[in-house]
Each structure stands twice: as structure tokens, then as C-alpha cells.
Amino acid sequence: MRPAAGVGPVGAARARGGVPEELSARVPAEQRGPGSGRDSVRLLVSRGRAVSHHAFTELPRLLRAGDLLIVNTSATLAAAVDGRIARARVVVHFSTRGDDGRWAVELRDPDGRGTTRARGGGPAGTVVRLPGGVRLVLEEPLSARGGRLWWGRVPDADVPALLRRHGRPIRYSYTERDQPLSAYQTVFALPSDDGAGSAEMPSAARPFSPRLVAELVSRGVQFAPITLHTGVASAEAHEPPYPERYEVPEASARLINAARAGGGRIVAVGTTAVRAVESAAGSDGLVRAAKGWTGLVVTPERGVRVVEGLLTGLHEPEASHLLMLEAIAGGAAVDRGYEEALRLRYLWHEFGDVHLILPAERSHSGHCFSNCPSE
């Protein structure tokens, strides 16, 4: 499983066509055996190029009093709805609601196995018939980058109500079977007053349980809630994320700034939390209350201003999120972590294992001790 000399594991996985199929997490952790819970996943920890392996339940002992976790409160929508274009069956993924009431949507073809495959969008004027006599009318592509997502209008219909009545969670081909919407909600999810939410679960927070949150609080770890409603990712093309709606409340901005001033580490739970808080951070490194749309893509060139650590899932080698990981940890650290994840057969995707990236620890004397990178 190790890559050839001179080739990083992410590049080697890309050359092989992706992560081995058997490393896809097909069902939630709590369904893998008696006594299992959401927190029954493994935790890979990277500090620079030093890597260690843990159970997720050890997280409270890996953080310290004064550290702060940024968590996304966006609830997951039942965003997939069956429809028809003339006689052809399609599946509509409702991605993001625009300010003008339209929705960014993705059309998919059913594959006969309960999941879907890619389908071109459009043309403008296409009418998709949805359950309950509802019609979706496609108007224009969301972006000049491609035709995967289109702006569509649903005249005289309440889309959140449609999703609650007829929708189901978006499911990808590596999963074994349909799951209830509750399987896609995190412990931090809060329903939105306007029915908005995430088309796909902010999955890095999925392993948290109420008991684990309580233990973290009892040890002096703080939580700062933000909201970022995720759109539909590109399962095939791994394109950069489109603009998404976010909010960083004033209280959370104050918590983050105070924790930084007090020497606490700022750890984002998920790439969505990074995108939101970095969108609200000024060039002076201070976070201010902000809301609206963010098109920020965090890359090594852009860097990060606030986030020092990240708890995230394991990403496909083509995923644009890997650029964010490199911005936080550096390319060598990401390669080293993924080498170990492949070697020890960690599980990928939203029901899989998780990766905690922390700043490399150095002694004040400059000498290496137990957390130094191995050569």
C-alpha cells in the first residue's frame, strides 16, 4: 500500500484511480456491530509529520483547556427528490437557495441501485415534474465553469415543505443502503427558521455524541457555533466549492478572538467551519461577525489567518479540500497522514474515520521529544 519512492500517497492514490473501494465506509459506525456508537470511529492525529492513532473517544485527552472548536450548526436537508422530464426518470438534488427564491439544483439519473449517476443539466426552460404536482423550471447554469448545477424556479411551492414530505438524504454509490435523515444530522445541527440547510451533511462533526461534548466542556474546551449551508459536492469532477451561505455570529467571533488571545488553539470541525471563519477574518487576524455568501477557496497560496487545527474526514485524492489541508498543515504533513491512513486501512467518506490536524509541538529548547516528526 505504500507509494513508490518520491511519490506522495495522495499522488499515488490519484494515479491508481482513487482510494481503494474496500476503504469506503458503507454504513454509519453505529451499525457496524453490537455496542457501537457514532463515536466508534478511529482518529488519525497529525502534528506536523508526526502521526499517532487513537479512538475518537480519546479526543478530550488530545485537546487542552483553552482550546476552541468551531462547529457548524447547519442541519442536513432531505435534498434528493424523484422527478420526471417527459417520460424519463430523474433525481433532483436541491443544493442551495438563492436570495431571489430560486434554487441551485443538480439533475442525476437513477442507476437502478438506489443511487445515481451524473447527468448534464439544462437546457433552459426544461420542466421537471416533482411529486404533488410541483414543477421545477430550469433557467440558467449556476456558473460558467460548467452545467452541473442550474438555477431553477419552483413556482407557487414551498421547497422546504416539499423536501420534508417527499425528499430523502443524498446518497452516493459507495454506501450500502438508504439511511434515515437522522443518520445525517450532527449533534450540533439546529433547524433554520426559513427551512434552509445543507444539501450534504457537515460530516466531520458526525462522530460527536452528547456525552463526548459534555466531557470536552468539563475539561475546559470551548465551542464556537457558526453556520454554513453546504451545497451539493461534485462526486465525479471534484470541482472547487461554489459560493455558499454562511454566518459567524458576534458571540462566536468574540469567543474565537478571546481564545486566541489566551493562547488556546483554534480547531475547526470540518472544512465548512474553516471556510466560514476564514471568510469572517480580517487581514489583522481578528474575526468579526459576518453573514452572506462566501466564495472563498482556501489554498496554500491564500493561507489561513485564524484556524490552527482541523478535524476532518478523509478526502479523495482529487478533492479540492486537500488544498485547504495543505494550507493548514503543509503538503508534507498531509502526505504523511494519508500514507498512514492508507497503510492502516482507515475508512473514507461521511461515515468513515476522522483526521485531527494539530500544530506541530516543539520544546522551548528546540530539541526533539516524543512529538517530533520521524525521519
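For the structure, see preceding data.
So, here is what we can say about the structure in this document. (Residues numbered from 1 in each chain as written. Predicted model: local features only at pLDDT ≥ 70, side-chain atom pairs only at ≥ 80, totals over all residues. Heavy atoms only, no water.)

Enumeration over the complete set of coordinates arrives at seven aromatic pairs. Relative to Phe351, the ring of Tyr184 has its centre 5.4 Å away and its plane inclined at 50°; by these criteria the two rings are tilted. Taken together, the residues Tyr184 in the loop between α3 (159–166) and α4 (210–218) and Phe351 in the loop between α8 (331–343) and β16 (354–358) connect sequence positions 167 residues apart. Taking relative accessible area as the criterion, Tyr184 reaches 4% and is therefore assigned buried. Joined through ring pairs, the aromatic side chains of Phe56, Phe188, Phe208 and Phe223 make up one cluster. (Phe/Tyr/Trp six-rings, centres within 6.5 Å; stacked < 30°, edge-to-face > 60°. Helix = DSSP H or I, 4+ residues; strand = E, 2+ residues; numbered from the N terminus. Buried < 20%, exposed > 50% of the residue type's maximum accessible area, 1.4 Å probe, protein only.)

Looking now at the pairing of strand β3 (residues 68–72). Burial analysis of β3 places five of its five residues in the buried class, the great majority of the element. Neither face of β3 is left uncovered, since the one carrying Leu68, Ile70 and Asn72 and the one carrying Leu69 and Val71 both have all their residues buried. Pairing analysis gives five bridges linking β3 to strand β11 (residues 222–228), with the strands arranged parallel. The residue bridging Asn72 from the neighbouring strand is Ile226, located in β11. The pairing of β3 with strand β13 (residues 266–269) spans three bridges and is parallel. Directly across from Leu69, in β13, lies its bridge partner Val267. (Pairing = 2+ DSSP bridges.)

Time to look at the environment of Ser182. Relative to the helices and strands, Ser182 resides in the loop between α3 and α4. Between the alpha carbons of Ser182 and Gly285 there is a distance of 37 Å; along the sequence they are 103 residues apart.

So, on to the environment of Arg165. The topology assignment puts Arg165 in helix α3. Look at Arg165 and you get exposed, because its relative accessible area is 68%. Taking C-alpha positions, Arg165 is 41 Å from Val45, a pair spaced 120 residues apart along the chain.

Buried within α3 are the following residues: Val159, Pro160, Leu162 and Leu163. Projected down its long axis, α3 shows its buried positions confined to an angular sector of 160°, all on one face. Turned more than 90 degrees away from the buried face of α3 sit Arg164 and Arg165, all of them exposed. Each element contacted by the buried residues of α3 is listed here: β4 (80–85), β5 (88–97) and β6 (103–110). (Arc of directions from axis to C-beta. Contact = heavy atoms within 4.5 Å.)

Glancing now at the pairing of strand β2 (residues 50–55). Where burial is concerned, the two faces of β2 differ: the one with Ala50, Ser52 and His54 is buried and the one with Val51, His53 and Ala55 is not. Where strand β1 (residues 42–47) lies against β2, six bridges are found, and the strand directions are antiparallel. Across the sheet, Arg42 pairs through a bridge with Ala55, a residue of β2. The loop that links β1 with its antiparallel partner β2 comprises two residues; one of these, Gly48, has a positive phi angle of about 65°.

This part takes up the side chain of Asp39. Along the polypeptide, Asp39 turns up in the loop between α1 (9–15) and β1. According to the relative accessible area criterion, Asp39 is buried, its value standing at 14%. In terms of polar contacts, Asp39 uses its side chain to reach the side chain of Arg211, at 3.5 Å. When sequence neighbours within four positions are dropped, the list of residues in contact with Asp39 reads Phe56, Thr57, Pro207, Ser209 and Arg211. (Polar contact = N/O pair within 3.5 Å; in protein donor to acceptor, adjacent residues only side chain to side chain.)

In this structure, Ile70, Val248, Ile256, Val274, Val287 and Trp348 are the most contacted members of the largest nonpolar core, which totals 40 residues. With five residues, the top contributor of residues to this core is helix α7 (residues 321–329). Excluding anything up to four places from it in sequence, Val248 contacts Ile226, Ala253, Ala276, Val277, Ala280, Val287, Arg288, Ala289 and Ala290. Counting 27 residues, the second largest nonpolar core, distinct from the first, contains Val91, Val159, Tyr174 and Val232. (Core = buried A, V, L, I, M, F, W, Y, C linked by side-chain atoms within 4.5 Å.)

Now for the pattern of salt bridges. Scanning the model with the defined rule gives 29 salt bridges in all. Ionic pairing is found between Arg211 and Asp39, a salt bridge with its closest N-O pair at 3.5 Å. With a gap of 172 residues between them, Arg211 in helix α4 and Asp39 in the loop between α1 and β1 connect regions that are remote in the sequence. Judged by relative accessible area, which is 46%, Arg211 ranks as partly exposed. Arg265 serves as the salt-bridge partner of Asp67, at 2.7 Å between the closest nitrogen and oxygen. Here the residue Asp67 occupies a position in the loop between α2 (59–62) and β3, and Arg265 occupies one in the loop between α5 (250–261) and β13, the gap between them amounting to 198 residues. For the pair formed by Asp67 and Arg265, the shared burial category is buried. (Salt bridge = Lys/Arg side-chain N within 4 Å of Asp/Glu carboxyl O.)

Paired through their backbone hydrogen bonds, the strands of a sheet run either parallel or antiparallel. One open sheet holds the nine strands; their spatial order is β2-β1-β16-β15-β13-β3-β11-β12-β14, and the pairing between them is mixed. Edge positions in the open sheet fall to β2 and β14 (290–294), since each of these has one partner strand only. The average undirected angle you get between the axes of adjacent strands in this sheet is 20°. (Axes fitted to C-alpha atoms, helices over the stretch in contact; angles between N-to-C directions.)

In contact at an axis separation of 11 Å, helix α6 (residues 271–279) and α7 are set at 65° when each is read in the N-to-C sense. Taken together, the axes of α6 and α7 lie roughly perpendicular to each other. Between α6 and α7 the crossing geometry is left-handed. Here α6 contributes Thr271, Val274 and Arg275 to the contact with α7, which in turn contributes His321, Met324 and Ile328. Its residues assigned to classes, the contact of α6 with α7 comprises three nonpolar, two polar and one charged. (Parallel < 35°, antiparallel > 145°, perpendicular 65-115°, else oblique. Left-handed = near helix turned anticlockwise from the far one by under 90°. Nonpolar A, V, L, I, M, F, W, Y, C, P; charged D, E, K, R; others polar.)

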